[in-house]
Every structure is written in structure tokens, then in C-alpha cells.
Amino acid sequence: GENVEQHPSTLSVQEGDSAVIKCTYSDSASNYFPWYKQELGKGPQLIIDIRSNVGEKKDQRIAVTLNKTAKHFSLHITETQPEDSAVYFCAAATAGGTSYGKLTFGQGTILTVHP
Amino acid sequence: DSGVTQTPKHLITATGQRVTLRCSPRSGDLSVYWYQQSLDQGLQFLIQYYNGEERAKGNILERFSAQQFPDLHSELNLSSLELGDSALYFCASSVVRTSGVGELFFGEGSRLTVL
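Throughout what follows, the structure given in this document is the object of discussion.

## Observations regarding the interface of chain B and chain A
Size of an interface, as often reported, equals the accessible area lost when the parts are brought together.
Here's step 1: Taken together, the contacts link 26 residues of chain B with 23 residues of chain A.
Here's step 2: Contact between chain B and chain A buries roughly 2,000 Å² in total, counting both sides, with carbon and sulfur atoms accounting for 57%.
Here's step 3: Inspection of the chain B/chain A interface yields zero salt bridges.
Here's step 4: Our count for the chain B to chain A interface comes out at three residue pairs in polar contact (both at pLDDT 80 or more).
Here's step 5: Of all the secondary structure elements, the ones that give two or more residues to the side of chain B that touches chain A are strand 4 (31–38) and strand 5 (42–50) of chain B.
Here's step 6: Its residues assigned to classes, the side of chain B that touches chain A comprises ten nonpolar, eleven polar and five charged.

## A short note on the pattern of salt bridges
Residue and element names in this part refer to chain B.
Here's step 1: Within this structure, the stated rule accounts for eight salt bridges over all chains.
Here's step 2: In this structure, Glu53 and Arg55 form a salt bridge, with 3.3 Å as the shortest nitrogen-oxygen distance.
Here's step 3: Of the charged contacts in the structure, one is a salt bridge between Asp85 and Arg63, with a shortest N-O distance of 2.8 Å. A residue pair is termed long-range when its members are at least 10 positions apart, and Asp85 in the loop between strand 8 (74–78) and strand 9 (87–94) and Arg63 in the loop between strand 6 (53–57) and strand 7 (64–68) qualify at 22 residues.
Here's step 4: A residue is classified by how much of its surface remains accessible, and Asp85, at 3% relative accessible area, is buried.

## Considering the layout of surface pockets
Here's step 1: Taken as a whole, the largest pocket encloses approximately 570 Å³ of empty space.
Here's step 2: Forming the walls of the largest pocket are 23 residues, and the residues nearest its centre are A:Gln38, A:Val87, B:Gln37, B:Ser38 and B:Leu39.
Here's step 3: When contributions to the lining of the largest pocket are tallied by element, the ones reaching two or more residues are strand 9 (86–92) and strand 11 (109–114) of chain A together with strand 4 and strand 9 of chain B.
Here's step 4: Looking at which element gives the most residues to the lining of the largest pocket, the answer is strand 9 of chain A, with three residues.
Here's step 5: Each residue belonging to the lining of the largest pocket can be placed in one class, and the counts come to eight nonpolar, twelve polar and three charged.
Here's step 6: Counted as a void, the second largest pocket has a volume near 440 Å³.
Here's step 7: Lining the second largest pocket are 19 residues; nearest its centre among them are A:Gly43, B:Asp1, B:Ser2, B:Phe106 and B:Glu108.
Here's step 8: Those elements that place two or more of their residues in the lining of the second largest pocket are strand 1 (5–7) and strand 10 (105–106) of chain B.

## Focus on the nonpolar core
Here's step 1: Counting 23 residues, the largest nonpolar core has A:Trp35, A:Phe73, A:Leu75 and A:Leu111 as its most contacted members.
Here's step 2: Counting residues per element, the ones that place at least two in this core are strand 2 (10–14), strand 3 (19–25), strand 4 (32–38), strand 5 (45–51), strand 7 (62–67), strand 8 (72–77), strand 9 and strand 11 of chain A.
Here's step 3: When neighbours within four sequence positions are excluded, A:Leu111 is seen to be in contact with A:Leu11, A:Val13, A:Ala19, A:Ile77, A:Asp84, A:Ser85, A:Ala86 and A:Tyr88.
Here's step 4: Residues B:Trp34, B:Leu78, B:Leu81 and B:Leu112 belong to the second largest nonpolar core, which totals 21 residues.

The rules we used
Residues numbered from 1 in each chain as written. Chains lettered and ligands numbered in written order. Predicted model: local features only at pLDDT ≥ 70, side-chain atom pairs only at ≥ 80, totals over all residues. Heavy atoms only, no water. Contact = heavy atoms within 4.5 Å. Buried area = accessible area lost by both parts, 1.4 Å probe. Salt bridge = Lys/Arg side-chain N within 4 Å of Asp/Glu carboxyl O. Polar contact = N/O pair within 3.5 Å; in protein donor to acceptor, adjacent residues only side chain to side chain. Helix = DSSP H or I, 4+ residues; strand = E, 2+ residues; numbered from the N terminus. Nonpolar A, V, L, I, M, F, W, Y, C, P; charged D, E, K, R; others polar. Buried < 20%, exposed > 50% of the residue type's maximum accessible area, 1.4 Å probe, protein only. 1 Å grid on protein atoms, 1.4 Å probe; cavity = no way out; pocket = protein on both sides within 12 Å on 5 of 7 lines; lining within 4 Å. Points joined across faces, edges and corners; volume = space filled by probe spheres on them. Core = buried A, V, L, I, M, F, W, Y, C linked by side-chain atoms within 4.5 Å.

Written as C-alpha cells, this is what we have:
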């Protein structure tokens, strides 16, 4: 089955700096890569996703890049703010077949943005 | 608010006992997923249902079982509980069908503590 590795496990930055979280996946059939943000006491929430036919996607201060050859994808957050502090999870899934949208998650990254 | 409702929010029980966790998906979502979140294991996929039928199984123990009812709500049953079962259990729902992938909407979780 799919295995997703996520690094770093913790990341501490100053407000205004950029933050980068990296993930690698094992299954070459994976073609959907979402990122979820989990705030304290809440469930994970989708912040951005990318499909394998696209190399990069941006949404305001958040961007995701995908390298299918190397099987890795990254989350980039620019101009970080204290409210970006949370746990971030990458995930992978395969569209097609009988996947029914099942996601395999990375271990998570605790991001702390210091004012 | 994701639209996914989980009850109870907190549950404290003793080893050897049995508990039932309940999930009501978003209106219209046919897929329900159960994930276990512990400090050292991240978000582990347990089981998935689509319109009442089991579609995928992950690392779910034999002591655990689940079902999805005709009204699409789902229950996760945990029996012969052990200390190591203490975790946050998330339910998520999605509109995706057989070959699709897309956003999972997570509830706020049920925190199980086994003493």
C-alpha cells in the first residue's frame, strides 16, 4: 500500500518568514495530493490540493509543488502569521479504480509561528 | 463547521469495556471514513463505507468493527479495550464516488481514554 513520509515533524519560524514542509510517497499510482491543516481541538481541514497533471498550484500565501519523477511534493507558506500555527498533514490518494477517495496521511508537522 | 457530527466528544472507560462512536456525515455525502489519531501514529486509516457497504479496510484491529446505516450515519464499535486504544477517533465524509478523489470533511473527533 501507499506510504507517505513527512518532514520536518516540527517547524518553528518567525512571523513573516516562509515555511516549507516536504512529503514523499511510495506508490507511483498516486495522483492526488491534498494538504490538511489541523488546529487545536478540531478536525483536519483541507487547505490546498494538487493533482498529478499539475506541477504547482497557488492560493494566496500557500503553494504546493509536485515532482512526480522523484515522488515528492511540498507545501510552501509565505509571509507566515501566528494564525498559521497548527499541525499540517500531507496525504496521497489514487483516483480511478475503486479507491473511493481513501487518503493516506503523513505523520504531520507542528508549525509554530512566533510573533 | 464541517457539517460532520461526531458523538461523544469525550469518553473515558476502563480496559476490557466496549464503546460505540457515532458519526453523522454531511448531507448528501455517501462515503464515510474512520481514522485513528494518536501521538506516535499520526492519522491512521481504519475503514471506509460507501452507501452502506464496506469499501476499504486499513489497519483496523479485529476488536474494532463499524457499519453504515441506511440513513448514512456510521458507528465505530471498539471492544475489549486496551490502554493503547486511547486516541482521537475521527470520522470524515466525502461526496466522492467509485473512482473519484476529493475533499474529506472531518468531524471534531471523539477522544477516547482507556484507564
